[in-house]
Amino acid sequence: MRTSSARRAGTRALAALGAAALGAGAFALPAAAQTFEPVDVVVDDGSPIAHEDLPSLFKAGVEFGDDFDPGEHTVTATITIDAPDNTFEVREGSAAGCTFNAANTVISCEQEEADTATSFQFRYGAAADAEPGYYAYTLVFAVDGEAVATVEDALRILASDTGDESEYVYTATDVAFTGIEPGSSVGLKPEIYQHASFSDYVAAVVVTVWGPEDVEHPGVEVIADYDNCVDSHPGVDCVVTDVENLPGTVLTFADPITYAVDEQVPGPFMVCRCEYRAVAINDDTFEEQYGGVFWDEDSDNLFGLETADDPGTEFPTQVWGDVTIETAENQYDLSVKDVKAKGANGDRVTVTTPVANKGPAAAFPFFDGPGSYAVIGELPAGLELYAFDSDTGNVGELFCLDPEDWANHLPGIDTADLDFACFFQTLGAGEEFDLEFTVDITDAKSKDVGRLEVLALGDEDYPGVFESGLKDNTAAITVNGKGSGQLPATGASLGLIIGIAVLVIAAGVVMFVLTSRRSRVAEDADETDLRAGKPCPVWSVPRGGLGVEAVSDYLGGWLALKAGGDGGVSFRWGGLAAVRSVLVGVQAGSDEKVRGGAGRLGGCPAGCGWGAGGSGRNVNGFSSCG
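Quick caveat, the model's predicted, so the values are computed rather than measured.

1. Considering the pairing of strand 17 (residues 229-232)
Thought 1: In the sheet, strand 17 pairs with strand 18 (residues 235-240) via four bridges, with the strands oriented antiparallel. What sits directly across from Val230, in strand 18, is Asp237.

2. Here's the deal with the side chain of Thr252
Thought 1: Inspection of the secondary structure puts Thr252 in strand 19 (residues 249-253).
Thought 2: Look at Thr252 and you get buried, because its relative accessible area is 6%.
Thought 3: At a separation of 3.4 Å, a polar atom in the side chain of Thr252 contacts the main-chain carbonyl oxygen of Lys189.
Thought 4: Among all residues touching Thr252, those that are not within four sequence positions of it are Lys189, Pro190, Gly304, Leu305, Glu306 and Ala308.

3. Some words on the state of the cysteines
Thought 1: Applying the stated criterion across every chain yields a total of four disulfides.
Thought 2: Through a disulfide, Cys400 is tied to Cys422; the S-S separation comes to 2.0 Å. Since a negative S-S torsion denotes a left-handed disulfide, the Cys400-Cys422 link at about 95° is right-handed. Taken together, the residues span a long stretch of sequence, with Cys400 in strand 29 (residues 399-400) and Cys422 in strand 30 (residues 420-424) at a distance of 22 residues. The two residues Cys400 and Cys422 agree in class, both being buried.

4. Considerations on the nonpolar core
Thought 1: Grouped together as the largest cluster of nonpolar side chains are 73 residues, with contacts concentrated most on Val209, Phe253, Ile257, Tyr259, Phe303 and Ile325.
Thought 2: Here this core takes six residues from strand 21 (residues 270-282), the largest share from any one element.
Thought 3: Setting aside its immediate chain neighbours within four residues, Val209 contacts Leu188, Val222, Gly235, Val236, Phe253, Ile257, Tyr259, Glu275 and Tyr276.

5. Let's talk about the pairing of strand 26 (residues 348-357)
Thought 1: Burial analysis of strand 26 places seven of its 10 residues in the buried class, which makes it a mostly covered element.
Thought 2: As paired elements, strand 24 (residues 334-336) and strand 26 share three bridges and run antiparallel to each other. Counterpart to Leu334 in the pairing with strand 26 is Asn357.
Thought 3: Two strands pair when backbone bridges link them, and strand 26 and strand 31 (residues 432-441) are joined in this way by nine bridges, in the antiparallel orientation. Paired with Pro354 across the bridge in strand 31 is Asp434.

6. A closer look at the pattern of salt bridges
Thought 1: Summed over all chains, the structure comprises seven salt bridges.
Thought 2: Of the charged contacts, one joins Arg156 and Asp284 as a salt bridge, the two residues approaching to 3.5 Å between their closest N and O atoms. With a gap of 128 residues between them, Arg156 in strand 9 (residues 146-157) and Asp284 in helix 2 (residues 283-290) connect regions that are remote in the sequence.

7. Considering unusual backbone geometry
Thought 1: Cis geometry is found at the peptide bond from His233 to Pro234, where omega equals 10°.
Thought 2: Tracing the backbone through its elements, the reader meets Pro234 in the loop between strand 17 and strand 18.
Thought 3: The omega torsion of the bond from Tyr462 to Pro463 falls at -5°, within 30 degrees of zero and hence cis.
Thought 4: Positioned with a positive phi, Asp144 is a non-glycine residue whose angle comes to about 55°.
Thought 5: Tracing the sequence through the fold places Asp144 in the loop between strand 8 (133-143) and strand 9.

8. Describing the environment of Pro70
Thought 1: With respect to the element layout, Pro70 can be found in the loop between strand 2 (56-64) and strand 3 (75-81).
Thought 2: The spatial distance from the C-alpha of Pro70 to the C-alpha of Glu113 is 6.9 Å, given a sequence separation of 43 residues.
Thought 3: Apart from residues no more than four positions distant in its own chain, Pro70 is found in contact with Ala114, Asp115 and Thr116.

9. Some points on the sheet that holds strand 14 (residues 191-194)
Thought 1: Sheet architecture is open: four strands sit in the order 11-14-19-22, paired in antiparallel fashion. With partners counted over all chains shown, the strands left at the sheet margins are strand 11 (170-172) and strand 22 (305-307), one partner each. Adjacent strand axes in the sheet meet at a mean angle of 35°, parallel and antiparallel pairs treated alike.
Thought 2: Sheet topology note: the strand 14/strand 19 ladder contains four bridges and is antiparallel. When the sheet's bridge partners are listed, Gln194 is paired in strand 19 with Thr249.

Reading the values: the criteria
- Residues numbered from 1 in each chain as written.
- Predicted model: local features only at pLDDT ≥ 70, side-chain atom pairs only at ≥ 80, totals over all residues.
- Heavy atoms only, no water.
- Pairing = 2+ DSSP bridges.
- Helix = DSSP H or I, 4+ residues; strand = E, 2+ residues; numbered from the N terminus.
- Buried < 20%, exposed > 50% of the residue type's maximum accessible area, 1.4 Å probe, protein only.
- Polar contact = N/O pair within 3.5 Å; in protein donor to acceptor, adjacent residues only side chain to side chain.
- Contact = heavy atoms within 4.5 Å.
- Disulfide = S-S within 2.5 Å.
- Core = buried A, V, L, I, M, F, W, Y, C linked by side-chain atoms within 4.5 Å.
- Salt bridge = Lys/Arg side-chain N within 4 Å of Asp/Glu carboxyl O.
- Axes fitted to C-alpha atoms, helices over the stretch in contact; angles between N-to-C directions.

Treat this as a map of the structure, not an account of what it does.
Next up, the structure:
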């Protein structure tokens, strides 16, 4: 067959598997024999052919690796066709190095002193009296007489010149759906332009509508409840036989094909980057792919094509049309609960806490392994991790990575003090799983507080922010419940970080807020690159109380936090390293008293300088910007 790239890829895979099997001992070889495993095998057999066709070219090639010494071995290819004598005619002189038997059923090709890559080819045709049909063949590559790869396929002889298998006479327009509520459906009824006449060999037109390629977690289902439509993962094929040949005409579906959106798909999200097309096929393809008419032609439930009522005037040249579906807002709410390890010094205890999704959206799988979501933990002083019992070792379930891999999969998070980092792919609305791990108690009186956090992974603006509230994404880990009840300090309270995240999201900017126990000191900003005259982001503490007004300055790219009040004192806010440099140009250093970190807020104009934790002007963890 005239193989497509997809077909050739399958042939390569089959040959490679055969070679691997040989290399693994599928054939018993003499102890002294050396078997070479091909690194690539390619076969293009030139099928199908018709009686009146010019001779078709059969090509076969094999390539070996570095263990093959060029010029030291003989490579052969033997093609054996299961067909009556002289069904095929092999053209004499069409290829050097190949011979064929009198019945034209065995073709033997040989290359002495072969190079690392060797190929053979010859031309053949169908005898005038050859019966149409499929004729199986086996091709065996060998080195010095030892088989190294086998390919099995079939040559096809057509009954007559039946035209091309497919005629691409239709072009498809793009269709976009936006703001689609999860749990609802949309009907696809696009415009299709027939730009050319199809031949007399056409037996049917096949309309193919595909859903998302991720068939395991599609989020969208393609529905075509018509008698002449069949499943063709990841979509449907609808076969129409009563189509008029109308070049220059705009057609559309007589009835829509439905995309049903899962009610738990998060949003806004492009849940479907799908495709559709219409193609005319001949009788042979109709029989081969669908077995001919498989429906009741008198049925009242048939999919069809009709002339569009009010068509457009410009049409693309593309065969495949895009179908995009973007969902409306639909958020999930991931949560974890506090963990209390109870026991005495030296005890080994197992603790369990739920990781839940309160919905209404599902925590959807957006990435390949190790997962789309992470559960990270930092134990308090007084506890040592013994084992993580929930780790299944299977990607797609709860899967824990070794410490050396954490930084690669948790960019932007300080992993130095973590004790575990585990990943999972999805969690439906209203579902939860138990997180279980075993610890050794080394200090039963410890009042330190550790941290447990569940978070969504992202890559720049993909897939988006779907978490409805961050407050319950983090919980405390304590020894005998003796901790202060406060999570490890990050230089700013969790509620404050949530407020800033909501503010930025409301301004149309995606921000991922990640927290860690250790304070994070911001990098210095280059003031020479900043817009002159823009306000220095400040936190103003009026003498009469705290008043806060948040504003976003798009032109300067700054997030300014200001408070008003006569006689107020302006202070620079530290401890926001977790959200620095996220599209709004904010950079902040930690000014927490306990750790005494020093930092700088990029973009401060003249008069805004350094602040250091514990300095004389430090007020409750904030230092002056002046």
